Amino acid sequence: MPSNVVGTTFRAIELEPQATAELQFPKFVEALLQKLGLLKEERFLYYERLRNKNTKWANGSRWVLALLGSIAFLLTGLAAALRFAPEAFLQKWSLNGFDKGVLLAVLAIYAVMGAISFYEKGTDKTTAYFRHLGIILAIRDLWTKVQFEFLKELMALKSAAGAGEAVTRERIRALAEAFCNDLDKVATGELTDWRTEFLASLSELEAAAKKGSEDVTTQIQEALKAAEKAAADARAAAEKAAADARAAAKTAEEAGKPGALNLALSGDFDDQVLISVDGVEVARSSGRTIAIERVVPGLRKISAHAKKGTKDLETARMVDVKPGLQELELVLS
């Protein structure tokens, strides 16, 4: 077997019929096996080289897709969890809005996965890898079969004590022809499969390009419509903001005005009653009706303290003080 065999499927077997037919029977068998072995080695090396070219992609792309899919699945769950996390936790770790960034990362991962899948559909590298692997195994099986058939015929010839050499020669020739025909069928069948897959890939790429163009055109039109709507919304928002600003200014002006309370007390007490707003004394009086002025608007605690003999009397209420005058009743007990 030559050491510099080059893989190819275009070379036919070099039988050299005239010279081979003149050989003695042992040399005839040896020469025929060598020629068949050389043909087998050329086909084997050709498909082995193609298989090696696609090995990393066929095994690596599946691993990459599985890894990216797992990361995308994990990040999707993380984004969902962040939406239900307490606000205090999100603020503590500066995670407000972080779920949106996670979802963008997930979209990017899915885009990469889609690009890998698209490239695979366009090149059929994985399909070609398994097709070439199947052809290599078929060549192995054919070579094994022909060797056993040769051995069978030679053993039958030996048992016949040389009487049937011509018949055995013909049988061995027929076996060699059948092996070559089977080997050629493997390569021809691979060509048919490759042509079918190649044309299918072109069709898929053309359809994908057409669909992509239509989708981009649609997105551009939608973006233009969205921009027009956004401009209209912005004008409406500006007008509303101006109206809100005027209303807020008016509200702030009203809120800046102090509140006043007409406090009516009931219950028996001695001497004077002390009135407090948020714990700060604002009035003392022995009367039952007390006017309290300049109270800051908002939620305030209004308290009354007095004595009845040796007993301390106290009452308090939370009051939402508004600008202007309000009536309030407190019962000392």
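This text goes with the structure placed above it.
Residues numbered from 1 in each chain as written. Predicted model: local features only at pLDDT ≥ 70, side-chain atom pairs only at ≥ 80, totals over all residues. Heavy atoms only, no water.

Caption draft 1: Molecular detail of the overall build of the protein. Check the secondary structure of the protein and you find six helices and seven strands. When the helices and strands of the protein are placed in sequence order, the string is α-α-α-α-α-α-β-β-β-β-β-β-β. For the protein, the proportion of its 333 residues judged to be buried stands at 28%. Of all intrachain contacts in the protein linking residues separated by at least 6 positions in sequence, the fraction that spans at least 24 positions is 68%. Counting every atom, the protein has about 22100 Å² of accessible surface; 61% of that belongs to carbon and sulfur. (Helix = DSSP H or I, 4+ residues; strand = E, 2+ residues; numbered from the N terminus. Buried < 20%, exposed > 50% of the residue type's maximum accessible area, 1.4 Å probe, protein only. Contact = heavy atoms within 4.5 Å. Areas by Shrake-Rupley, 256 points an atom, 1.4 Å probe, with all protein chains shown as cover.)

Caption draft 2: The packing of aromatic side chains, seen in detail. Following the criterion strictly, the structure yields two aromatic pairs and no others. Plain terms: the ring middles of Y46 and Y47 are 5.0 Å apart, the flat faces sit at 80° to each other, and that makes the pair edge-to-face. Here Y46 matches Y47 in class, with each residue buried. Consider the rings of W57 and Y119, whose centres lie 5.0 Å apart with planes at 70°: the pair is edge-to-face. One end of the pair, W57, is in helix α2 (residues 25-83); the other, Y119, is in helix α4 (residues 98-123), with 62 residues separating them in the sequence. Residue W57 is classed as partly exposed on the basis of its relative accessible area, which comes to 23%. (Phe/Tyr/Trp six-rings, centres within 6.5 Å; stacked < 30°, edge-to-face > 60°.)

Caption draft 3: Quick look at the sheet that holds strand β2 (residues 270-277). Strand order across the open sheet formed by four strands is β3-β2-β5-β6, with antiparallel pairing between neighbours. Each edge of the sheet is formed by a strand with only one pairing partner; in this case those strands are β3 (280-285) and β6 (311-321). Direction aside, neighbouring strands of the sheet carry axes that sit 20° apart on average. Pairing of β2 with strand β5 (residues 298-308) involves five bridges; the strand directions are antiparallel. By the bridge assignment, D270 is partnered in β5 with K307. (Pairing = 2+ DSSP bridges. Axes fitted to C-alpha atoms, helices over the stretch in contact; angles between N-to-C directions.)

Caption draft 4: Focus on a nonpolar patch on the surface. Among the surface-exposed residues, W63, L67 and I71 lie close enough to one another that they form a single nonpolar patch of about 310 Å² accessible area. Among the structural elements, W63 can be located in helix α2. (Patch = residues over 30% accessible without salt bridge, like charges linked within 9 Å, V, L, I, M, F, W, Y side chains within 5 Å. Salt bridge = Lys/Arg side-chain N within 4 Å of Asp/Glu carboxyl O.)

Caption draft 5: Highlighting the side chain of K35. By secondary structure assignment, the location of K35 is in helix α2. Taking relative accessible area as the criterion, K35 reaches 19% and is therefore assigned buried. If we skip the residues at most four places from it in the chain, K35 touches I13, E14, L15, E16 and T20.

Caption draft 6: Molecular detail of the sheet that holds strand β1 (residues 259-266). Pairing in this open sheet of three strands is mixed, and the strands run β4-β1-β7 from one edge to the other. The open sheet has two edge strands, β4 (289-295) and β7 (324-331), and neither has a second partner. Pairs of neighbouring strands in the sheet enclose a mean axial angle of 25°, with direction left out of account.

Caption draft 7: Representation of the pairing of β5 within the structure. By the bridge criterion, eleven bridges tie β5 to β6 in an arrangement that is antiparallel. What sits directly across from G298, in β6, is V321. Connecting β5 to the next strand, β6, in antiparallel fashion are two residues, including G309 with a positive phi near 70°.

Caption draft 8: Here's a closer look at the side chain of K40. Relative to the helices and strands, K40 is located in helix α2. Residue classification places K40 among the buried residues on the basis of a relative accessible area of 15%. Among residues more than four places away in sequence, those in contact with K40 are I139, W143, F179 and L183.

Caption draft 9: Seen up close, the pattern of salt bridges. Taken as a whole, this structure holds ten salt bridges when the rule is applied. Here D268 and R288 are joined by a salt bridge, their closest N and O atoms 3.8 Å apart. In this pair, D268 is assigned in the loop between β1 and β2 and R288 in the loop between β3 and β4, connecting sequence segments 20 residues apart.

Caption draft 10: The arrangement of the layout of surface pockets in detail. Roughly 370 Å³ of internal volume is contained in the second largest pocket. Forming the boundary of the second largest pocket are 20 residues, of which L15, L32, R173, A176 and E177 lie nearest the centre. Only α1 (17-21), α2 and α6 (165-255) provide two or more residues apiece to the lining of the second largest pocket. Sort the elements by how many residues they give to the lining of the second largest pocket and α6 lands first, with eight residues. When the residues that make up the lining of the second largest pocket are grouped by side-chain class, the tally is eleven nonpolar, two polar and seven charged. (1 Å grid on protein atoms, 1.4 Å probe; cavity = no way out; pocket = protein on both sides within 12 Å on 5 of 7 lines; lining within 4 Å. Points joined across faces, edges and corners; volume = space filled by probe spheres on them. Nonpolar A, V, L, I, M, F, W, Y, C, P; charged D, E, K, R; others polar.)

Caption draft 11: Quick peek at the nonpolar core. Counting 24 residues, the largest nonpolar core has L32, L36, Y47, F150, I172 and F179 as its most contacted members. Looking at this core, the elements that each hand over two or more residues are α2, α5 (125-159) and α6. Setting aside residues no more than four positions away along its own chain, L36 makes contact with I13, W143, F150, A176, F179 and C180. In this structure, L265, V273, I290 and V321 belong to the second largest nonpolar core, which totals 20 residues. (Core = buried A, V, L, I, M, F, W, Y, C linked by side-chain atoms within 4.5 Å.)

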